[in-house]
2 protein chains.
Amino acid sequence: MTETRHRATDPSRADGPPGLVGTLDREGGFARPRATGRDAPEESGAGTLLHRARAAVDPRLRAAVDSLPAGLRRVARHHFGWREADGSASGGGSGKAIRPALVLASAEALGGGEARESAVPAAVAVELVHNFTLLHDDVMDRDTTRRHRPTAWTVFGDADAILAGDALQALAQRLLTADSHPVSRVAAVRLADCVIELCAGQQADTAMERRDPREVTLDETLAMAEAKTGALLGCACALGALYTGATEEDVDALDAFGRGAGLAFQLIDDVIGIWGDPRRTGKPAGADLAARKKSLPVVAALTSGTPAGRELAESYGRPHRQEEDLEHMASLVERAGGRDWAQAQAADRMARAVDELSRAVPVPEAADGLLALAEFVTRRDI
Amino acid sequence: MTETRHRATDPSRADGPPGLVGTLDREGGFARPRATGRDAPEESGAGTLLHRARAAVDPRLRAAVDSLPAGLRRVARHHFGWREADGSASGGGSGKAIRPALVLASAEALGGGEARESAVPAAVAVELVHNFTLLHDDVMDRDTTRRHRPTAWTVFGDADAILAGDALQALAQRLLTADSHPVSRVAAVRLADCVIELCAGQQADTAMERRDPREVTLDETLAMAEAKTGALLGCACALGALYTGATEEDVDALDAFGRGAGLAFQLIDDVIGIWGDPRRTGKPAGADLAARKKSLPVVAALTSGTPAGRELAESYGRPHRQEEDLEHMASLVERAGGRDWAQAQAADRMARAVDELSRAVPVPEAADGLLALAEFVTRRDI
């Protein structure tokens, strides 16, 4: 339901794998690149926006979680990284608040500071939905760590993780419907539609992983990634726009902007999953290939009709063995054009996203925050 | 998140286990007992109300499910019993629509036919929430059959069943928030609160089953049953009342009525789980005891401080073996007072529920539908 992969958050990864962002920049994917130092992103516009979003959202997010019955609260607090399983304080973080930041930046871009303030409930609701999907995805995917901590199901069991996720979805809807803002009802409907799309995306992903690699098409992989990763980023931007009283056209443009940025993120994350530096990604080199993950560059290679693509398909049809040459497999993806395709697609999606944004927000300065966040999401895990 | 047990629906069980309803009647649990033939409940008021509720709710329920993306729709249609896994038509039924019937009967009791019509979206939303919890409960409890059909997770896998449940929760909220009725927003908040309570009830139940039988208290077992079974029946009645523009006091009274009826159902269902006729329950005699289920009569016996209760605790501390004398265990529960307590509690809860109802609906005829449904839920599985 969320980004296909969650890599460990390593501060040293802040600038992404060398060359990748450069490639995008060269291809002009990021319009109006900001003068932010790559080595100090926290001082950049994105860093400030994320910090401000976390500060604006956290009190209401914690209040919402605190309102849960004790048993569910315990699981949720652990998941958010606020408490250990025994209830003691935790040093963990609650993630980077990229989605709330998109809600607030979108509201500010179209409606200024007051609109930004009014959109806080929507930002909290989006963050609750994101975390509900993380709780459930971890159960389904049997992922054992998240944000450097054991996942909820490994600590509390499947049932508690499923139930805490269910409760967070209910909390998200409760927060929006209880909000007195005139658009909160429309926002709640849009968020519910988004949840359904996230579910469809996660379902497509799990189904795809079970299928014969030669039968998966690039179009369906892109559609899956858009539903799983793009939909909530799009919804976040759309909700922020809604809270400014924007026209339906502008709301849809902001949605398209967020979706495009989300898909660009997924494409780049998939590239990092194959060629990323293990010291930066926190995962062994070629882990995605060893796991036979049908990531976007891989499917592009498999469907390329090239000899390298056919050789890759043969490898993907066999189970991974210890002695397998993952470097050779990565070079097959590259020779089949998977890497270039993914990078070009990411640049193209981002360019189209920026076009959508400039339609809805014609004043360049007003769009700066959203652009900084979009650039940020394509440079690290979100 | 729902009733602790789901027995096979056996038409021959329509009159409940012999003597049980009689006991309740004798104890005066059911005020104003209706002149319904026990052997022909479908001709009774309850049967008519359930039939009418199904007819009113089904078109919108099916439309809501049809609006889901194909993969989720397939799982949901199978779960509702409308389609087989391959998409072909199914002869299965979609359950007895008791919760939608409570919504509609509550609206009619306080506001007449027009209010009943307006409350249909709330009835559909409650049915969607109920089915979302069934999908998830079956995954957590590893239940393999429901409504005489294989459960979703056994057919489609855990991930699809979890995702279909998530989508049904979103659909329920979407339906209420998109409804233009002036109270739909308040109703959506109330439904979200109910979902959280259902989650807490299911969590308490799964946690309780893992605990030492000597450490479980009767109060917490009753609280668990109220959250797990009573909350949604209460919410159904409350939503129906809301749609008539009833006062907060009356809405709360209807909630209390539904909760009481739900708890009475659970108490009686637990009695049936021990002493019910296997030919009627569809489960082997003593199955709950063999499974060491901490049902209400069992916990009453375990906490009775009687020699029989202590002997039962010893048996519950040992794993079940083939040669175990389940009849003897049942007699221990009985001698420890568990059976009498449960029957008296059920009668008491129902009497208090009826009191609540008569406060909000003073005209006896107007309350007839709700009373018929309450009597019905305590006579068969819901």
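Just so it is clear, the structure is predicted and the values come from calculations on it, not from any experiment.

Before going further, it helps to spend a moment on helix H15 (residues 326–335) of chain B. Residues and elements named next belong to chain B. Taken together, the buried positions of H15 are Leu 326, Met 329, Ala 330, Leu 332 and Val 333. Seen end-on, H15 carries its buried residues on one side only, within an arc spanning 155°. Opposite the buried face of H15, at more than 90 degrees from it, the exposed residues are Glu 327 and Arg 335. Contacts made by the buried residues of H15 are with helix H10 (248–275), helix H12 (287–290), helix H13 (296–302), helix H14 (307–317) and helix H16 (338–360).

Next up on the list: the environment of A:Val103. Residue and element names in this part refer to chain A. You can see Val 103 is positioned in helix H4 (residues 98–118). Judged by its relative accessible area of 0%, Val 103 falls in the buried class. Sequence separation between Val 103 and Ala 360 is 257 residues; the distance between their C-alpha atoms is 15 Å. Among residues more than four places away in sequence, those in contact with Val 103 are Ala 119, Ala 122, Ala 123, Val 126, Ala 236 and Gly 240.

For the rest of this paragraph, the subject is the relation of the copies chain B and chain A. Note that the two copies of the chain are related through a rotation about an axis and a translation along the same axis. Relative to chain A, chain B is turned by 180° and slid 0.0 Å along the rotation axis, the superposed coordinates differing by an RMSD of 0.0 Å. In short, the pair behaves as if placed about a two-fold rotation axis. The residues that chain B uses at the interface reappear at the interface of chain A in 100% of cases, marking a shared surface.

Moving on to the interface of chain B and chain A. It is common to report an interface's size as the accessible area lost on association of the parts. Each side of the interface is counted separately: chain B has 39 residues, and chain A has 39 residues. For the pair chain B and chain A, the two sides together bury roughly 3,100 Å², of which 64% comes from carbon and sulfur. Together, B:Arg185, B:Ile196 and B:Gln203 form the three largest contributors to the area buried by chain B at its contact with chain A, with a combined 21%. At the boundary of chain B and chain A, one finds two salt bridges. Counting every contact that joins chain B to chain A gives 20 residue pairs in polar contact (both at pLDDT 80 or more).

What follows concerns the pattern of salt bridges. Residues and elements named next belong to chain A. According to the stated counting rule, one finds 48 salt bridges over all chains in the structure shown. Lys 228 is the salt-bridge partner of Asp 205, the closest N and O atoms lying 2.5 Å from each other. Taken as a pair, Asp 205 in helix H8 (residues 184–210) and Lys 228 in helix H9 (residues 218–242) lie far apart in primary sequence, 23 residues in all. Like Asp 205, the residue Lys 228 is buried in the burial classification. Across the salt bridge formed by Arg 292 and Glu 324, the nearest N and O atoms sit 2.7 Å from each other.

Our next topic: the nonpolar core. In terms of nonpolar packing, the biggest core is built from 224 residues, with A:Leu168, A:Leu191, B:Leu168 and B:Leu191 touching the most fellow members. The residues touching B:Leu168, leaving out its near neighbours within four places in the chain, are B:Val65, B:Leu68, B:Ala76, B:Phe80, B:Leu128, B:Asn131, B:Phe132 and B:Leu135. If you look at the next biggest cluster of nonpolar residues, it comprises 16 residues, including B:Leu289, B:Ala301, B:Leu312 and B:Leu332.

With that settled, consider unusual backbone geometry. Residue and element names in this part refer to chain A. At Ala 97, a residue that is not glycine, the phi angle is positive and equals roughly 60°. By the secondary structure assignment, Ala 97 is in the loop between helix H3 (70–79) and H4. Notably, His 148 is not glycine yet its phi reads approximately 65°, a positive angle. With respect to the element layout, His 148 can be found in the loop between strand E1 (145–146) and strand E2 (149–150).

Rules used in this analysis
Residues numbered from 1 in each chain as written. Chains lettered and ligands numbered in written order. Predicted model: local features only at pLDDT ≥ 70, side-chain atom pairs only at ≥ 80, totals over all residues. Heavy atoms only, no water. Buried < 20%, exposed > 50% of the residue type's maximum accessible area, 1.4 Å probe, protein only. Helix = DSSP H or I, 4+ residues; strand = E, 2+ residues; numbered from the N terminus. Arc of directions from axis to C-beta. Contact = heavy atoms within 4.5 Å. Least-squares fit on C-alpha atoms with pLDDT ≥ 70 in both. Buried area = accessible area lost by both parts, 1.4 Å probe. Salt bridge = Lys/Arg side-chain N within 4 Å of Asp/Glu carboxyl O. Polar contact = N/O pair within 3.5 Å; in protein donor to acceptor, adjacent residues only side chain to side chain. Core = buried A, V, L, I, M, F, W, Y, C linked by side-chain atoms within 4.5 Å.

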